Amino acid sequence: MTDEEVKHNVTKKGQPKALYMLFMVEMWERFNYYGMRALLSLFMISTVIGFSKATSSKIYGMFTALVYLTPVLGGYLADRYIGKRHSITIGAILMALGQFVLASYEIIPPQLALGTGLVLIIIGNGFFKPNISSIVGELYEPNDPRRDGGFTIFYMGINLGAFFAPFICGFLGEPHDPMNALEAYKWKYGFMAAGTGMIIGLIWYLVSQNKYLGHIGLKPVTKSGDIDDATEKARAAAANKPLTSEEWDKIKAIFTFVFFAVFFFAFFEQAGTSLNFFAKEATNLHPVLPFIGEITLKASYFQAVNPIFVVLFAPLFAKLWLRLGDKNPTIPTKFGWGLFLQGIGFTAIVIGASLYAANGPVSAIWLVLTYMFCTMGELCLSPVGLSMVSKLAPAKFMSLFMGIWLMASFGGNLLAGWLASYYESWSLTTLFSVPAGLSILFGVIMWVMTGKIKRWMHGVQ
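Computed from a predicted structure; not experimentally measured. (Residues numbered from 1 in each chain as written. Predicted model: local features only at pLDDT ≥ 70, side-chain atom pairs only at ≥ 80, totals over all residues. Heavy atoms only, no water.)

Engineer: So what exactly am I meant to see when it comes to the overall build of the protein chain here?
Structural biologist: A tally of regular secondary structure across the protein chain gives 16 helices and two strands. For the protein chain, whose C-alpha radius of gyration is 22 Å, the value lies close to the compact-globule estimate of 23 Å for 461 residues. On the principal axes, the C-alpha backbone points of the protein chain span a range of 65 × 50 × 40 Å. For the protein chain, with 461 residues in total, the buried portion stands at 60%. Taking all contacts inside the protein chain whose residues are at least 6 apart in sequence as the whole, residues at least 24 apart take part in 81%. Within the structure as shown, the protein chain displays about 17800 Å² of accessible surface, and the carbon and sulfur contribution to it stands at 69%. Where the 35 positive side-chain charges of the protein chain centre and where its 27 negative ones centre are 4 Å apart. (Helix = DSSP H or I, 4+ residues; strand = E, 2+ residues; numbered from the N terminus. Rg over C-alpha atoms; globule rule 2.2 N^0.38 Å. Buried < 20%, exposed > 50% of the residue type's maximum accessible area, 1.4 Å probe, protein only. Contact = heavy atoms within 4.5 Å. Areas by Shrake-Rupley, 256 points an atom, 1.4 Å probe, with all protein chains shown as cover. Lys, Arg positive; Asp, Glu negative; His and termini not counted. Charge placed at Lys NZ, Arg CZ, Asp CG, Glu CD.)

Okay, here's the thing in structure tokens:
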């Protein structure tokens, strides 16, 4: 199948069939990552590792930051030497291996297993993450109106995996009683389940890629000319041309979006640390439900709330962007809404924290409201950001700039770990007021800058 056939081989909904193949691969990769992430900070403060919350938060922040830094190198190597498709395979193998190393803490020293496993996951993600997103972008022609909707559907794959992962990995891996010597070592089953999910995704990818992708992403951009395909030859020819002034303007726009996204992700990534601790210590985990009675929850289960809302809301947002047509908000406007809605979400947890300080553990509704508004903000910013890079980045540096976009999460996660490290030294009301206030402020600033950013984008919608 040629690249043109891939792009026009569509489903009844008008999207390339290859999108849904990549959707499944990304779903299992995110199952792998978010299953581990739901357990990681809790695992580090358990008796197995024994870190404090402050140390755990800083390590968690550094890990998740590096997960989003290595895609810059992974994208560059794919563009120049390896090719996107082979990079995805390498990344999946390394990430699966990392999960099994994490689970080996009874065989090797626990802190060595932790460090080695996290390093493998960091490197593997660097090869995987930017390249699968870049391939999604290559399924569409420039200014194809299906692109934002396609990335939103792809984003559903991310969150479908992230939805199932905390329930399965959390059920298998998080002890009900961490002080029980037998239960304290359940963590390994959660990590093994996460690694198994990545292996399933890798097998599906290896079996399906040739059927659905044709030549797309098979070879490095600068070595694509030996493929008998007009699109790849044109891409290879463009790789040797200098950047134009218009392309430099578009790069300015990309970096502006990256700057604001850093703060969005700094607050959004509280989910794995401060909000996870809040779920463990400040939330009633034994609620009484009508007609059911008392149920028992685990803190890790709350990591599935955001993905649930993404799966529910993403189709609505995808349809909304398409139906608005010429009235579709600009990318800067969507970014502004993303930040503003996140601020509203953190306002909810500020209220919950105030009630906790006064009366003890609070209803889970405060966490649910926080995740709901943050999810709506996420859908205005994160999948739109992936689509934005695929529209604005020079073709010869597509994976590199996809990696630079992911660097927003690098900076954001560093800030996230630093902020969460004050969980025990600041009041929770103060801790959560910071993301609430700053998110709203940055949303307003983005709206004010919309005109200038649109000029840099040179008509890209």
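Engineer: Help me out: how do you make sense of the pattern of salt bridges in this one?
Structural biologist: One pass over the structure, following the stated rule, counts 12 salt bridges. Here K84 makes a salt bridge to D79, at a shortest N to O gap of 3.7 Å. Summarising the burial analysis for this pair, K84 and D79 share the class buried. Residues E246 and K250 are paired through a salt bridge, measuring 3.3 Å at the closest nitrogen-oxygen approach. Of the two residues, E246 and K250 both sit in helix α9 (residues 245–268), four residues apart, roughly one turn of that helix. (Salt bridge = Lys/Arg side-chain N within 4 Å of Asp/Glu carboxyl O.)

Engineer: Explain the packing of aromatic side chains here, please?
Structural biologist: For any two aromatic rings, the description comes down to two numbers: the centre-to-centre distance and the angle of the planes. Inspection of the entire model under this criterion finds 31 aromatic pairs. Aromatic pair F265 and W405: ring centres 6.3 Å apart, planes at 75°, arrangement edge-to-face. Of the two residues, F265 sits in helix α9 while W405 sits in helix α14 (residues 398–420), which places them 140 residues apart along the sequence. Each member of the pair, F265 as well as W405, carries the same accessibility label: buried. One aromatic cluster is present, built from ring pairs that chain together F257, F264, F265, F268, F335 and W405. (Phe/Tyr/Trp six-rings, centres within 6.5 Å; stacked < 30°, edge-to-face > 60°.)

Engineer: Sorry, what's going on with the layout of surface pockets here?
Structural biologist: Sizing a probe to match a water molecule and rolling it over the atoms shows the empty space that remains. Of the voids in this model, the largest pocket is the one considered here, and its volume is about 780 Å³. Looking at the lining of the largest pocket, the elements that each hand over two or more residues are α6 (147–173), α11 (305–324), α12 (331–359) and α16 (450–457). Residues belonging to the lining of the largest pocket are distributed by class as follows: 13 nonpolar, nine polar and 10 charged. (1 Å grid on protein atoms, 1.4 Å probe; cavity = no way out; pocket = protein on both sides within 12 Å on 5 of 7 lines; lining within 4 Å. Points joined across faces, edges and corners; volume = space filled by probe spheres on them. Nonpolar A, V, L, I, M, F, W, Y, C, P; charged D, E, K, R; others polar.)

Engineer: Please clarify how empty space enclosed by the protein should be interpreted in this entry.
Structural biologist: Overall, the coordinates contain three cavities of 30 Å³ or more when judged by the stated rule. As a volume, the largest cavity reaches approximately 210 Å³. If you go around the largest cavity, you meet 17 residues; those closest to its centre are Y68, K129, Y155, F265 and S382. Residue assignment for the lining of the largest cavity shows that the elements contributing at least two residues are α2 (17–44), α5 (110–137), α6, α9, α13 (365–392) and α14. Of the residues assigned to the lining of the largest cavity, the class counts are nine nonpolar, four polar and four charged. Its volume calculated, the second largest cavity comes out at about 80 Å³. Forming the walls of the second largest cavity are R37, F267, F268, A271, L275, Q303, N306, F346, T370, Y371 and C374. Residue assignment for the lining of the second largest cavity shows that the elements contributing at least two residues are α9 and α13.

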